[in-house]
Number of protein chains: 2
Amino acid sequence: MPDLAFFQELSAAARAVTLGAAVPVAENKAGEGAFDPVTHLDRAAEQALRAAIERRFPSDGIEGEEFGLTRADAKRRWSLDPIDGTRALICGLPSWTTLVALLDGSKALAGMIDAPVLDELALGLEGRSLLISSAGIRPLQVSSCSVLGEARLATTDPFLFDEQQAIAFDRVRRAAPVTRYGLDALAYARLAAGSLDLVIESGLKPHDYNALVPVVRGAGGVIGNWQGGADLSGGDVIAAATPALFEEALKLLRN
Amino acid sequence: MPDLAFFQELSAAARAVTLGAAVPVAENKAGEGAFDPVTHLDRAAEQALRAAIERRFPSDGIEGEEFGLTRADAKRRWSLDPIDGTRALICGLPSWTTLVALLDGSKALAGMIDAPVLDELALGLEGRSLLISSAGIRPLQVSSCSVLGEARLATTDPFLFDEQQAIAFDRVRRAAPVTRYGLDALAYARLAAGSLDLVIESGLKPHDYNALVPVVRGAGGVIGNWQGGADLSGGDVIAAATPALFEEALKLLRN
């Protein structure tokens, strides 16, 4: 089983590519009329992560956002999003992260949310979560917020929801005193650190959500789907500091 | 006239208070049903800035967000927003800034947007803009983006607009490939640095906008109101990398 030191090695390998580079120009992965940005840094970072994993764990499968699936029949599989928050990256903003998860079947054994510009590596491993930075290593612990009327809420883009979801999200937003946008996976690292209390999103892909689960749960938080279940494959995700807050948000979403 | 070194001194005085502090708990400045957060760090940072200014320029006026106006009859006046982006601060996010402007009547002679967590001091002084960090000093220069279809857009909160403004802003948002939220004054520093191209906001107060003007103009950008004029006192602000982009956004806002 990979240990903390190996995740630090993965972080260093990706940062060697991404950190300190000039703000990259985006190419559009989507067709005409849509925009799904990718940059040369997304691809180079995924190659660096793949090389580091293959050196140490050559029989593991690897599934990355940019280069697809390698060794599909392997029982253990790595899930990679080399740059989550490419929109932030191309705007010169510090909130983009590198996501790595280790899966056994569909179960996430470990997950890392690494924010290179902020020098913050959040790691969920063996049931607990840690924040690793140049200042040292400390445990991550969610807040005790259990009431939506006191919750700090985040979602990545209020215009990414479909019409019904937008109406549902709006009920939650109006009940929370503060809402933050545009954070992608960093929102879940902040939830784990106790400075956000609730994250609600839709449309997440496996490489977006796999790494979040061990980080949030290892810090004592709750993560599930908009129906209250644990299966995230539909891409709609709620993460909350406490079960009471999770349930209150769920009720408003379903109304 | 204060020089670069004095602004660095102001930055250091405020950072001594704000940087490295635990994520503060917000008090609500607004009445029931609204939320306008303030923290002990907002007040302590403004006091540190006031003390530094009064030591060096004892006859200047000072107007701060938290402690009001001192020496109202002074010709030269400092405008202070000790923490712009208190919502980001209370969520443990790195985008909050300290804003200082020096005014002669209503004209801004100099402005600083200081992002302590990011170690980025953007300074507009004597007609040019600089970025000062531990890595050194470099000039700030806006991008050459002149077409909305290629522009990186930012606004602080899409739900802060009134109904007519929201409809107008939505026209611009749909025409731009990328929109970022929640950045407050940092968006203008990124515009000056060339990694955002367009910022559109409403409801700004003088302590919010005074410091932005010298930073944006000194980097070659355009800043004005939603009618195309230079008077920002109505609080509606457009800042753009180029005059062509400014005009295109203006046309869509007015339709």
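Cut-offs and rules
Residues numbered from 1 in each chain as written. Chains lettered and ligands numbered in written order. Predicted model: local features only at pLDDT ≥ 70, side-chain atom pairs only at ≥ 80, totals over all residues. Heavy atoms only, no water. Helix = DSSP H or I, 4+ residues; strand = E, 2+ residues; numbered from the N terminus. Rg over C-alpha atoms; globule rule 2.2 N^0.38 Å. Buried < 20%, exposed > 50% of the residue type's maximum accessible area, 1.4 Å probe, protein only. Core = buried A, V, L, I, M, F, W, Y, C linked by side-chain atoms within 4.5 Å. Contact = heavy atoms within 4.5 Å. Pairing = 2+ DSSP bridges. Salt bridge = Lys/Arg side-chain N within 4 Å of Asp/Glu carboxyl O. Expected span 1.5 Å × (residues − 1). Axes fitted to C-alpha atoms, helices over the stretch in contact; angles between N-to-C directions. Parallel < 35°, antiparallel > 145°, perpendicular 65-115°, else oblique. Left-handed = near helix turned anticlockwise from the far one by under 90°. Nonpolar A, V, L, I, M, F, W, Y, C, P; charged D, E, K, R; others polar. Least-squares fit on C-alpha atoms with pLDDT ≥ 70 in both. 1 Å grid on protein atoms, 1.4 Å probe; cavity = no way out; pocket = protein on both sides within 12 Å on 5 of 7 lines; lining within 4 Å. Points joined across faces, edges and corners; volume = space filled by probe spheres on them. Domains from an automatic or database assignment. Buried area = accessible area lost by both parts, 1.4 Å probe. Polar contact = N/O pair within 3.5 Å; in protein donor to acceptor, adjacent residues only side chain to side chain.

**Some remarks on the overall build of chain A**
The helix and strand tally for chain A stands at eight helices and 15 strands. Here chain A has a C-alpha radius of gyration of 17 Å; the compact-globule value for 255 residues is 18 Å, and the two agree. Across its three principal directions, the C-alpha atoms of chain A cover 50 × 45 × 40 Å. Counting across all 255 residues of chain A, residues that qualify as buried make up 58%.

**Re the nonpolar core**
In this structure, Ile113, Tyr188 and Ile223 of chain A together with Ile113, Tyr188 and Ile223 of chain B are the most contacted members of the largest nonpolar core, which totals 80 residues. Look past the residues within four positions of isoleucine 223 of chain A in its chain and what remains in contact with it is Tyr188, Leu212, Val213, Val216, Arg217, Leu232, Val237, Ile238, Ala239 and Phe246 of chain A. With 22 residues, the next largest nonpolar core counts Ala13, Ala52, Ile53 and Leu125 of chain A among its residues.

**Observations regarding unusual backbone geometry**
Excluding glycine, residues mostly have negative phi values, and the peptide bonds linking residues are mostly trans. Residue and element names in this part refer to chain B. Phi at aspartate 119 is positive, roughly 50°, even though this residue is not glycine. Assignment of secondary structure puts aspartate 119 in the loop between β7 (107-115) and β8 (120-125). The exposure class assigned to aspartate 119 is partly exposed, which follows from its relative accessible area of 23%. A positive phi angle, close to 55°, is found at glutamate 126, a residue other than glycine. Mapped onto the fold, glutamate 126 is located in the loop between β8 and β9 (128-133). Residue glutamate 126 is classed as exposed on the basis of its relative accessible area, which comes to 65%.

**Some details on the pairing of strand β6 (residues 97-104) of chain B**
All names here are of chain B. Of all eight residues in β6, seven are buried, a share of seventy percent or more. Examined bridge by bridge, strand β5 (residues 76-84) and β6 share seven bridges and lie antiparallel to one another. Paired with arginine 76 across the two strands is aspartate 104, which belongs to β6. Between β6 and β7, which follow one another and run antiparallel, lie two residues, and glycine 105 among them has a positive phi close to 65°.

**Topic: the pattern of salt bridges**
Residues and elements named next belong to chain A. For the structure shown, the criterion picks out 30 salt bridges over all chains. The partner of arginine 77 in a salt bridge is glutamate 63, with the nearest N and O atoms 3.1 Å apart. Taken together, the residues span a long stretch of sequence, with arginine 77 in strand β5 (residues 76-84) and glutamate 63 in strand β3 (residues 61-64) at a distance of 14 residues. Within this structure, Arg15, Asp114 and Asp119 form a network of salt bridges that share partners.

**Focus: helix α4 (residues 163-175) of chain B**
Residue and element names in this part refer to chain B. With 13 residues, α4 extends 19 Å between its outermost C-alpha atoms, agreeing within 8% with the 18 Å of an ideal straight helix rising 1.5 Å per residue. Residues of α4 that are buried include every one of Gln165, Ala168, Phe169, Asp170, Val172 and Arg173, and no others. Tucked into the core, α4 has its buried residues touching β11 (152-155), β12 (178-181), β13 (198-201) and α8 (243-254).

**Some thoughts on the pairing of strand β10 (residues 136-139) of chain B**
The two faces of a sheet get side chains in turn, since along a regular strand they alternate between them. Residues and elements named next belong to chain B. Note that β9 and β10 share four bridges and pair antiparallel. The residue of β10 that forms the bridge with isoleucine 132 is isoleucine 137. Adjacent in sequence and paired antiparallel, β9 and β10 are bridged by two residues.

**Description of the packing of α4 of chain B against α8 of chain B**
A pair of packed helices can be characterised by two numbers: the angle between their axes and the separation between those axes. Residues and elements named next belong to chain B. For the pair α4 and α8, interaxial distance at closest approach is 7 Å and the crossing angle is 135°. Considering the angle they form, α4 stands oblique to α8. Here α4 runs over α8; the crossing is right-handed. Residues Ala168, Phe169, Arg171, Val172 and Ala175 of α4 form the contact with α8, whose participating residues are Ala249, Leu252, Leu253 and Arg254. Partitioning the contact of α4 with α8 into residue classes produces seven nonpolar, no polar and two charged.

**Some thoughts on the sheet that holds strand β13 (residues 198-201) of chain A**
Residue and element names in this part refer to chain A. Spatially, five strands are ordered β12-β11-β13-β15-β14 in an open sheet, and the strand pairing comes out mixed. Strands at the two margins of the open sheet, each flanked by one partner only, are β12 (178-181) and β14 (222-224). Strand-to-strand twist in this sheet, taken as the mean axis angle between neighbours without regard to direction, amounts to 15°. As judged from the four bridges shared by strand β11 (residues 152-155) and β12, these two strands associate in the parallel manner. Of the residues in β12, the one forming a bridge with alanine 154 is arginine 180. Lying over the sheet, helix α4 (residues 163-175) contacts β11, β12 and β13, oriented at roughly 150° with respect to β11. Here helix α8 (residues 243-254) sits on the sheet in contact with β13, β14 and β15 (237-240), set at roughly 145° to β15.

**Considering the relation of the copies chain B and chain A**
Under the fitted operation, chain B is carried onto chain A by 0.0 Å of movement along the axis and a turn of 180°, and the coordinates agree to an RMSD of 0.0 Å. Considering both components of the superposition, the chain copies are consistent with a two-fold axis. Of the C-alpha atoms belonging to chain B, the one lying closest to the rotation axis is found on tyrosine 181 of chain B, 2.9 Å away. A shared binding surface is used by both copies, with 100% of the interface residues of chain B retained as interface residues in chain A.

**So, the layout of surface pockets**
Each pocket or cavity is described by its volume, and for the second largest pocket that value is around 910 Å³. Taken together, 39 residues make up the lining of the second largest pocket; nearest its centre are Asp36, Arg87, Thr156, Leu160 and Asp184 of chain B. Mapped by element, the contributors of at least two residues to the lining of the second largest pocket are α4 and β12 of chain A together with β5, α3 (86-90) and α6 (206-209) of chain B. For the lining of the second largest pocket, the leading source of residues is β12 of chain A, giving four residues.

**A look at the domain arrangement of chain A**
All names here are of chain A. Taken domain by domain, chain A holds domain 1 (4-139) and domain 2 (148-254). On a C-alpha basis, the centroid separation for the pair domain 1 and domain 2 is 21 Å. For the pair domain 1 and domain 2, the summed buried surface comes to about 1600 Å²; carbon and sulfur atoms form 62% of the total. For the domain 1 face of the interface with domain 2, the top three residues by lost area are Ser95, Ile113 and Ser129, together amounting to 28%. At the boundary of domain 1 with domain 2, the tally comes to one salt bridge. Salt-bridge contacts for glutamate 120 lead to arginine 190; the nearest nitrogen and oxygen are separated by 2.8 Å. Our enumeration of links across domain 1 and domain 2 arrives at seven residue pairs in polar contact (both at pLDDT 80 or more). When residues of the side of domain 1 that touches domain 2 are traced back to their parent elements, those giving at least two are β5, β6 (97-104), β7 (107-115), β8 (120-125) and β9 (128-133). Take the side of domain 1 that touches domain 2: its biggest share by element is six residues, from β7.

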